[in-house]
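Listed below are the residues making up each chain.
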Amino acid sequence: MRARHQLTGLLFALSLAPLAQANDFVFGHIYEASHSHHKWALWAANEIEKRSDGRHHVEVFPSSQLGNEVELNEGLDLGTVDIIYTGNAFAGNAYPPIALGSAPFVFRDFDHWMTYSKSDLFQELAEGYENSTGHVPLGLIYFGQRHVTANKPILAPDDMQGMKIRVPDAPLLLMFPRAVGANPTPIAFSEVYLALQQGVVDGQENPLPIIQAMKFDEVQSDISLTGHIFDSQPIIMNGSAWSQLSAEDQALFLEIFSEAAEQGSLDIHQQEQDLVSWFQEQGTQVHEVDREAFAEMVKPKLTDENAGWTVDQYQRLEAIE
């Protein structure tokens, strides 16, 4: 099944390549057209065309049309897609330290995350990724706090013992469920609803805006506010496509995508504030949990020698005010 999806995504992406002109760029992502990330991708595409006086055109393909997240990263390397949103954990497959931004329980709150997104530490990690891959991070957009959904409350780590939980197909995102005794099961984003509906997995974890956009509340009765990851995605441009741009246009792309990342981050954060009551009104059970009990089980792994980042980088992140 996965191989077929990979082939389909790559063939579709390759079919676009002959159609792209020198100043045309393909932006692919996995999120539904109703999600904030797509809105801000379209905004950025429109601003690029407008502020470049029509020199550049960006076509945005949502909803995994160009493949799942693994395939989009492959497409970035192949040059069949020019711009993507990708999780820090997926970017970490190419440059492990950048995955620190999606590690569990490393951010105190949204303000801590926002300060990190503009920090020297993130810039160093972004430069390290660029040096390792040749691709260029254009900004960092907030995705939201990841919470656990299931058909029962998850109030303490013991409630996750043996639970089969869907996670994205990135090694870092196995850290939290394994620490609390769950059984993490990687499944492509577009296939999660069906997996929940058919009982292939017992639950999944995602931010509230994604749970709403993907209608996971239709097949899961309970949302437990574990908030285990303040997640985000670098917006990354293929290095060859970047090199086609003049220095002036490179500055323009950075400016526009930085604006999109900041406004999109504020948009997601506001949705998070509004959605708890919305889910409750729909009849979904929403539970506050003791996050510290979960965090204590994860913390030893954050400074493990195999974490992917250094202890110094982790401590610098903790020290950000």
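Presented here is an overview of the structure given in this document.

Rules and cut-offs
- Residues numbered from 1 in each chain as written.
- Predicted model: local features only at pLDDT ≥ 70, side-chain atom pairs only at ≥ 80, totals over all residues.
- Heavy atoms only, no water.
- Axes fitted to C-alpha atoms, helices over the stretch in contact; angles between N-to-C directions.
- Helix = DSSP H or I, 4+ residues; strand = E, 2+ residues; numbered from the N terminus.
- Parallel < 35°, antiparallel > 145°, perpendicular 65-115°, else oblique.
- Left-handed = near helix turned anticlockwise from the far one by under 90°.
- Contact = heavy atoms within 4.5 Å.
- Buried < 20%, exposed > 50% of the residue type's maximum accessible area, 1.4 Å probe, protein only.
- Polar contact = N/O pair within 3.5 Å; in protein donor to acceptor, adjacent residues only side chain to side chain.
- Salt bridge = Lys/Arg side-chain N within 4 Å of Asp/Glu carboxyl O.
- Phe/Tyr/Trp six-rings, centres within 6.5 Å; stacked < 30°, edge-to-face > 60°.

Two numbers describe how helix 2 (residues 36–51) lies on helix 11 (residues 247–281): the axes approach to 9 Å, and their chain directions differ by 155 degrees. The angle between helix 2 and helix 11 falls in the class roughly antiparallel. For helix 2 against helix 11, the interelement crossing comes out right-handed. Residues Ser36, His37, Lys39, Trp40, Trp43, Ala44, Glu47, Ile48 and Arg51 of helix 2 pack against Leu252, Phe253, Glu255, Ile256, Phe257, Glu259, Ala260, Gln263, Gly264, Asp267, Ile268 and Gln271 of helix 11.

Attention now moves to the side chain of Ser224. Assignment of secondary structure puts Ser224 in strand 8 (residues 222–237). Look at Ser224 and you get buried, because its relative accessible area is 1%. A distance of 2.8 Å separates a polar atom in the side chain of Ser224 from the backbone nitrogen of Ile154. When near neighbours in sequence (up to four residues on either side) are disregarded, Ser224 contacts His147, Val148, Pro153, Ile154, His287 and Val289.

Attention shifts here to the pattern of salt bridges. Under the criterion given, the structure shown has twelve salt bridges. Put simply, Lys39 and Asp267 hold a salt bridge, and the shortest N to O gap is 2.7 Å. With Lys39 in helix 2 and Asp267 in helix 11, the pair connects residues that are 228 residues apart, well separated along the chain. Relative accessible area serves as the criterion here: at 44%, Lys39 is assigned to the partly exposed category. Since its relative accessible area comes to 17%, Asp267 is described here as buried. Note that Asp249 is salt-bridged to Arg55, the shortest N-O span being 2.4 Å. Linking Asp249 in helix 11 with Arg55 in the loop between helix 2 and strand 2 (57–61), this pair joins segments that are 194 residues apart in sequence. Several salt bridges converge on common partners, so that one network encompasses Glu47, Lys50, Arg51, Glu255 and Glu259.

This brings us to unusual backbone geometry. Glycine aside, residues mostly have negative phi, and peptide bonds are mostly found in the trans state. Phi angles above zero are rare outside glycine, and Phe105 is one such case at about 60 degrees. With respect to the helices and strands, the residue Phe105 is situated in the loop between helix 4 (88–91) and helix 5 (110–117). Here Lys215, not a glycine, exhibits a phi torsion of approximately 60 degrees, which is positive. Mapping Lys215 onto the fold places it in the loop between helix 9 (208–213) and strand 8.

The geometry of an aromatic ring pair is captured by the separation of the ring centres together with the interplanar angle, meaning the angle of the planes. Applying the stated rule across the entire model yields 16 aromatic pairs. On the numbers, 4.8 Å between centres and 65 degrees between planes, the contact of Phe110 with Tyr142 is edge-to-face. Note that Phe110 is positioned in helix 5 and Tyr142 in strand 4 (residues 136–150), a separation of 32 residues in sequence. Taken as a pair, Phe110 and Tyr142 share a single burial class, namely buried. Their ring planes at 45 degrees and their centres at 6.1 Å tell us that Phe176 and Phe294 sit as a pair that is tilted. One end of the pair, Phe176, is in helix 7 (residues 175–179); the other, Phe294, is in helix 12 (residues 291–302), with 118 residues separating them in the sequence. An identical accessibility class is assigned to Phe176 and Phe294; each is buried.

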